[in-house]
Amino acid sequence: GAVVSQHPSRVICKSGTSVKIECRSLDFQATTMFWYRQFPKKSLMLMATSNEGSKATYEQGVEKDKFLINHASLTLSTLTVTSAHPEDSSFYICSAPDRGLSTGELFFGEGSRLTVL
Amino acid sequence: LAKTTQPISMDSYEGQEVNITCSHNNIATNDYITWYQQFPSQGPRFIIQGYKTKVTNEVASLFIPADRKSSTLSLPRVSLSDTAVYYCLGGGSQGNLIFGKGTKLSVKP
C-alpha cells in the first residue's frame, strides 16, 4: 500500500515557540492532504485540508493563523504550530489519498506527538 | 458526510470471531463505507472498504445490507494483537473523512 511518513514523531518545545511537522507521501503524489489532531482517548478531529499550490481549507473552529499549513509540492505538506501553548499538546496525524478522492481510502502517517512545556 | 454510530467498546477472547456493527442511516448514494484500525500512538490503518453486499480481504470481511444503512466488520479468529480502536466511516468523496468515536476492541487471552 501507499506510504505516508511524518517527521518528527515526537517533539517537545517551550511555550511560545513554533513547531513544524512534515508530512510526506513517499511513493505517490498527493495534491490533497489532510491534517488531524487527536487528544488522549479521543477520536481524530479533522483540522484542515491541505491543497498543493493553493491555500489550505480549515475546519470550523481551527485558527488558520495558529496552524499554518503549506503544501508546496506534490509529496510534502507541512503544519506549523505557531506560538505553541500547553493546550496545543496533542497527537497530530496527516493523511493522503493515493487513488484520488472518490473511494475515501486514505493512508495515514505515523503521527507526531507534540508536547508543549 | 454520513454520521456513524458504533458501540463504544467490545470484549472478546483469542480465537473468537468478532463482529462490529456500525449504523450510517444518512449515507449518500456515492459514499463508500470504510473501516480503519488504530493502535495507541499510531495513525489509523485501512482495513477494508465496500459499497454494498460483501467484501473480503486477508484480514477481514465487510457485510453491507441492501439498504446500506449499516455495515458489519467481521474479524475472524482474533488475537491479542487485534486489540485496537476500530472506526467506521461513510463518505469522504472529498477525502475529508470525519471520524466518529470508534469501537475499542479488547481481546483477552
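Up top you'll find the structure we're talking about.
Let us look at the structure shown here. (Residues numbered from 1 in each chain as written. Chains lettered and ligands numbered in written order. Predicted model: local features only at pLDDT ≥ 70, side-chain atom pairs only at ≥ 80, totals over all residues. Heavy atoms only, no water.)

Description of the overall build of chain B
The line we're drawing: The helix count covers DSSP runs of H or I at least four residues long, the strand count covers runs of E at least two residues long, and both are numbered beginning at the N terminus. Both definitions apply: the radius of gyration is a C-alpha atom measure, and the globule rule equals 2.2 Å times residues to the power 0.38. Under the scheme applied here, a residue whose accessible area is under 20% of the maximum for its type counts as buried, over 50% as exposed, and between as partly exposed, the area being computed with a 1.4 Å probe on protein chains only. Only the protein chains shown count as cover for residues, with accessible areas throughout obtained via the Shrake-Rupley method and a probe of 1.4 Å.
From N to C terminus, chain B includes zero helices and nine strands. In chain B, the succession of α and β elements from N to C terminus is β-β-β-β-β-β-β-β-β. At 13 Å, chain B has a C-alpha radius of gyration in line with the 13 Å of a compact globule built from 109 residues. Overall size of chain B, expressed as C-alpha extent along the three principal axes, is 40 × 30 × 25 Å. In chain B, which comprises 109 residues, the proportion classed as buried is 46%. Carbon together with sulfur atoms contributes 50% to the accessible area of chain B, which is approximately 5,500 Å² in total.

Details of the nonpolar core
Using the following cut-off: Buried residues of nine kinds, namely Ala, Val, Leu, Ile, Met, Phe, Trp, Tyr and Cys, make up a nonpolar core once their side-chain atoms join them within 4.5 Å. Any two residues having at least one pair of non-hydrogen atoms within 4.5 Å are treated as being in contact.
Among the nonpolar cores identified, the biggest contains 26 residues, and V4(A), W35(A), F67(A), Y92(A) and L114(A) are the most heavily contacted of them. For this core, the elements supplying multiple residues, two or more each, are β2 (10-13), β3 (19-25), β4 (32-38), β5 (44-51), β7 (67-73), β8 (76-81), β9 (90-96) and β11 (112-116) of chain A. Filtering out sequence-adjacent residues up to four positions away, V4(A) remains in contact with C23(A), R24(A), F28(A), C94(A), A96(A), F107(A), F108(A), G109(A) and E110(A). If you look at the next biggest cluster of nonpolar residues, it comprises 19 residues, including I20(B), I27(B), I33(B) and L62(B).

A word on the sheet that holds strand β5 (residues 53-56) of chain B
Residues and elements named next belong to chain B. Filter applied, for reference: Strand pairing follows a simple DSSP-based rule, namely that at least 2 bridges must link the two strands. Lines are fitted to the C-alpha atoms to define the axes, a helix being fitted only along its stretch in contact, and any angle between axes, read from their N-to-C directions, falls within 0 to 180 degrees.
Sheet architecture is open: four strands sit in the order β2-β7-β6-β5, paired in antiparallel fashion. Every interior strand has two partners, whereas the edge strands, β2 (18-23) and β5, have only one. The mean angle between the axes of side-by-side strands here comes to 15°, regardless of whether they run parallel or antiparallel.

So, the pattern of salt bridges
Using the following cut-off: Any carboxyl oxygen of Asp or Glu within 4 Å of a side-chain nitrogen of Lys or Arg constitutes a salt bridge here.
Summed over all chains, the structure comprises four salt bridges over all chains. The partner of E22(A) in a salt bridge is R24(A), with the nearest N and O atoms 3.4 Å apart.

A few points about the environment of K55(A)
Residue position: K55(A) is located in the loop between β5 and β6 (57-58). Considered as a pair, K55(A) and I69(A) are 14 residues apart in the sequence and their alpha carbons are 8.0 Å apart.

Some words on the sheet that holds strand β3 (residues 33-38) of chain B
Residues and elements named next belong to chain B. Across the sheet, which stays open at both edges, the five strands sit in the order β1-β9-β8-β3-β4 with mixed pairing between neighbours. Looking at strand neighbours, the two that pair on one side only are β1 (9-13) and β4 (45-50), the edges of this open sheet. Shown here is a sheet whose adjacent strand axes are inclined to one another by a mean of 25°, direction ignored. In this structure, strand β8 (residues 84-90) lies alongside strand β9 (residues 103-108), joined through three bridges in antiparallel fashion. If you follow A84 over to β9, its bridge partner there is L105.

With respect to the environment of Q38(B)
What counts, and what does not: Any pair of nitrogen or oxygen atoms within 3.5 Å is treated as a polar contact; in protein, a donor-acceptor pairing is required on top of that, and neighbouring residues in sequence qualify only through side-chain atoms on both sides.
Locating Q38(B) in the fold gives a position in strand β3. Residue classification places Q38(B) among the buried residues on the basis of a relative accessible area of 5%. A C-alpha to C-alpha distance of 9.4 Å links Q38(B) and K104(B), two positions 66 residues apart in sequence. Sequence-distant contacts of Q38(B), defined by excluding residues within four places in its chain, comprise Q38(A), L44(A), F91(A), I93(A), G43(B), P44(B), A84(B), V85(B) and Y87(B). A polar side-chain atom of Q38(B) sits 3.4 Å from a polar atom in the side chain of Y87(B).

Quick notes on the pairing of β9(A)
Residue and element names in this part refer to chain A. Judged by how many residues are buried, β9 sits mostly within the fold: seven of seven residues are covered. In this structure, β4 lies alongside β9, joined through five bridges in antiparallel fashion. Within β9, the position partnered with R37 by the bridge is Y92. As defined by bridge partners, β9 adjoins β11 across three bridges and the pair is classed as antiparallel. Opposite Y92, over in β11, you have S112 as the bridge partner.

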